[in-house]
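Structural overview for review
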Amino acid sequence: MIITLTMFLMGILLGFIGAGGSGFIIALLTVIFDVPIHTALGTSLAAMVFTTLSGAYSHYRQGNIDMKAGVTVGVSGAIMSFVGSKIAVWIPVHSLHWLTAGMLFLSAVMLIVRLFIVDGLKESDKRKPKTAGKFLILAVSVGFMTGILSGTFGIGAAPFIQLGLMLALGLPVQVSVGTTMLVILPIAIAGGAGYYFEGYFNALLLFQVLAGTMIGSYIGAKFTNSVPLPILKSAMVLTPILAGVILLIN
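The rules we used
Residues numbered from 1 in each chain as written. Predicted model: local features only at pLDDT ≥ 70, side-chain atom pairs only at ≥ 80, totals over all residues. Heavy atoms only, no water. UniProt positions renumbered as here; feature names shortened; annotations may be inferred. Helix = DSSP H or I, 4+ residues; strand = E, 2+ residues; numbered from the N terminus. Axes fitted to C-alpha atoms, helices over the stretch in contact; angles between N-to-C directions. Parallel < 35°, antiparallel > 145°, perpendicular 65-115°, else oblique. Left-handed = near helix turned anticlockwise from the far one by under 90°. Nonpolar A, V, L, I, M, F, W, Y, C, P; charged D, E, K, R; others polar. Buried < 20%, exposed > 50% of the residue type's maximum accessible area, 1.4 Å probe, protein only. Contact = heavy atoms within 4.5 Å.

Now for the UniProt feature "transmembrane region" (unreviewed entry) in the protein. Here the UniProt feature "transmembrane region" (unreviewed entry) sits at residues 7-33, 39-57, 69-91, 97-117, 137-161, 173-197, 204-221 and 227-249. In this annotation, residues 69-91 is assigned 91% helix and 0% strand; the end-to-end C-alpha distance for the span is 32 Å. The annotated region residues 173-197 carries 100% helix and 0% strand content, and the separation between its end C-alpha atoms amounts to 36 Å.

Written out as structure tokens, the structure is:
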């Protein structure tokens, strides 16, 4: 119950800022509840399967998903996510704490970049169509890079995926957000499966995490439109930074 309550409170924050929160899940499970970090990584990826499924469906209904880009990036990302889960097993626990924290700090940097360049990208939404070969190379490259990050460090890599979709594939901002949800789904499934086959999976722990975060995020989302935009943007950037700091405590 303590884990579920903690995840509920965290879910309120994540619902408020609109983030998946895999980094925060990892940080709290390892530092506060002494869950081995490899199990925490596998749990965070498995949890993302459920948290992104409804989001992807909602964006699909609203027409905010580019299926061609989402499937190509997602499938290539899933392959590397599975590979990344195998790599993580060989990384020493202490080093993995530092590396995962570093990736969370880098995620914050990517969020800052995204928040500052969004207006500029809106002006360049209309780009020349890419040839099939060039599109495939770029989409697979984005999938490989983001998949390996997700699988190895258990993070959703949403800021990296969104920037890749916008900068490499030229997707509009709204479509990149929706397509990212679709991309994360196969990446999380493959990465979670990789940790499961390595023995780093706890079904009860996953249920406790999901029970708290899904209810909490539903409540937190109701506050998103009631705060000034600068506060919301600051919270989005500070959340992965705080998760990284918590990880370094251990």
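All right, on to the packing of helix 4 (residues 67-89) against helix 8 (residues 173-197) then. The geometry of a pair of packed helices is captured by two quantities: the angle between their axes and the separation between those axes. Where helix 4 contacts helix 8, the axes come no closer than 7 Å and their chain directions differ by 25°. Here helix 4 is positioned roughly parallel relative to helix 8, judged by the angle of their axes. Judged by the sense of rotation from one axis to the other, the crossing of helix 4 with helix 8 is right-handed. The class makeup of the residues in the contact of helix 4 with helix 8 is 15 nonpolar, eight polar and one charged.

The next point concerns helix 2 (residues 22-31). Summarising burial for helix 2: 10 of the 10 residues are buried, a large majority. Buried within helix 2 are the following residues: S22, G23, F24, I25, I26, A27, L28, L29, T30 and V31.

The topology assignment puts G212 in helix 9 (residues 203-220). Classification of G212 as buried rests on a relative accessible area of 1%. Remark: the alpha-carbon pair of G212 and M10, spanning 202 residues in sequence, is separated by 8.0 Å. Excluding its chain neighbours within four sequence positions, the residues that come into contact with G212 are T4, M7 and F8.

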